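Analysis of the macromolecular model
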2 protein chains.
Amino acid sequence: MTIGLTNRQRAVLDFIKDEIVRRGYPPSFREIASNFGIKSTNGVKVHLDALEKKGYINRDPGLARGIELTPLAGAEDASIIRNIRKVPIVGRIAAGVPILAEENLDGYLAVDTTFVQADGVFALVVTGDSMKDAGIFHGDYVLGKPASQYFPGDIVAAIIGDEATVKRYYPEGDRVRLEPANPAFGPIIVEKDLDDFRVAGKIVAVMRKM
Amino acid sequence: MTIGLTNRQRAVLDFIKDEIVRRGYPPSFREIASNFGIKSTNGVKVHLDALEKKGYINRDPGLARGIELTPLAGAEDASIIRNIRKVPIVGRIAAGVPILAEENLDGYLAVDTTFVQADGVFALVVTGDSMKDAGIFHGDYVLGKPASQYFPGDIVAAIIGDEATVKRYYPEGDRVRLEPANPAFGPIIVEKDLDDFRVAGKIVAVMRKM
DNA sequence: TAATATACTGTGCTTATGTTCACTTGTCAA
DNA sequence: TTGACAAGTGAACATAAGCACAGTATATTA
């Protein structure tokens, strides 16, 4: 029952989230009121009632600052309120299903928002050293961000069959050349509109555990 | 000035953290009191004053539930958020002070616990490409973990003067050779017990934003 | 065109919450 | 054995904060 919020309600919700991030606890009615230039605490109460009714917050009536964010509000598990995103880790890719399908899921990686801002970002574990010279090693996590367009030279995660591979992307007519960053390996050349082939995202971050 | 806490103070601090996790906002004086069987709010106030004086919390006087946890409180023990650690980012290093001193602090990086388990881990931003062949580039974050002993070949964060540098560690008698991973650079050789020199930690992770 | 929802103002009230002060008790180090 | 510190009790107090109710205005929907 995801009921949409009005602009005003969303602004109030965002303010509450920001305050929780900034100070570690929710704002009071009067703090919300003064932030929005509202002169009556009742004006705020109406908003909070609406947010609660629509499932974005839970309140503990009577309690000072007794506002809890629900997952709907974007508090996946209180993570988002601390500059954190949970990025799905994509494991073995099942044929035909979208990359973020549950079948492919292999847990989550918590990532600081300095590394990811957008939604839809996924993580995968690199196999092989074909991107060694680009500083991407066997066993590294890479974060991939789906894009509407990829440019020559972009490092991308490409799906070929049920395998994900990380390479530099070079479109060549109706083919694509996937170029490794390691002289020991040669390029992979695939038909652009092969059913089996797609580019899942551009690599936006690398994380290595040593 | 990391002053130790008494058992009771630690218990109170833990309770505050638990409540923040559980409900999303800090407890009131009376909630703390009733949890510990304390009958006077003043009993609680003394604890909070002590926690504040010792740097584990910050309070906004007069405000209901105006308790903020400081990094000190979070670093003590499991982070308030599951699976996540907040790692202090070390910037320019002031002479003479410990690496984690406030003067050096440049914010925090949230990191999944798959990358860090221990306390005391710090992050710093790499300058220069001297570790390029080890897959550590200019601008990368590295996570350093202080150790009691370092072994030949370890990649470490070393402090020389007020500069941090990342290199491979090779002890040689009462000198240390800091070896880059880039043929364009030569090694740095320093006296082991120079005042100006110390090894701050072993590099346990690398994170790159592209 | 009546009903409903949003978005408020203004006032008064209740209570949840933090503060202050005086005093007690036990422990531990100088 | 004095003094400092931790850890309280108890009561009075001030105020921060939530709630209720009576209105007003506008827009949208049935």
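Not measured: the values here are computed from a predicted model. (Residues numbered from 1 in each chain as written. Chains lettered and ligands numbered in written order. Predicted model: local features only at pLDDT ≥ 70, side-chain atom pairs only at ≥ 80, totals over all residues. Heavy atoms only, no water.)

Attention now moves to helix H1 (residues 7-23) of chain A. For H1 of chain A, built from 17 residues, the straight-helix expectation of 24 Å at 1.5 Å per residue is met to within 8% by its first-to-last C-alpha distance of 24 Å. Elements that come into contact with the buried residues of H1 of chain A comprise helix H2 (29-36), helix H3 (41-53), strand S1 (57-59) and strand S2 (67-69) of chain A together with strand S2 (67-69) of chain B. In the stretch just after H1 of chain A, Gly-24 of chain A is the one whose phi turns positive, near 95°. (Helix = DSSP H or I, 4+ residues; strand = E, 2+ residues; numbered from the N terminus. Expected span 1.5 Å × (residues − 1). Contact = heavy atoms within 4.5 Å.)

Counting residues at the interface gives 39 residues for chain A and 40 residues for chain B. Across the chain A to chain B interface the summed buried area is about 3200 Å²; carbon plus sulfur atoms make up 57%. Linking chain A with chain B are zero salt bridges. Remark: the boundary between chain A and chain B carries 16 residue pairs in polar contact (both at pLDDT 80 or more). (Buried area = accessible area lost by both parts, 1.4 Å probe. Salt bridge = Lys/Arg side-chain N within 4 Å of Asp/Glu carboxyl O. Polar contact = N/O pair within 3.5 Å; in protein donor to acceptor, adjacent residues only side chain to side chain.)

Attention now goes to the environment of Arg-177 of chain B. Residues and elements named next belong to chain B. Its place among the elements puts Arg-177 in strand S9 (residues 175-179). For Arg-177, a relative accessible area of 21% translates into the label partly exposed. Expressed as a C-alpha distance, the spacing of Arg-177 and Lys-192, which sit 15 residues apart in the sequence, is 9.4 Å. Beyond its immediate sequence surroundings of up to four residues, Arg-177 is in contact with Arg-168, Tyr-169, Tyr-170, Glu-172, Pro-187, Ile-188 and Ile-189. (Buried < 20%, exposed > 50% of the residue type's maximum accessible area, 1.4 Å probe, protein only.)

The values reported here are purely geometric and, on their own, carry no functional implication.
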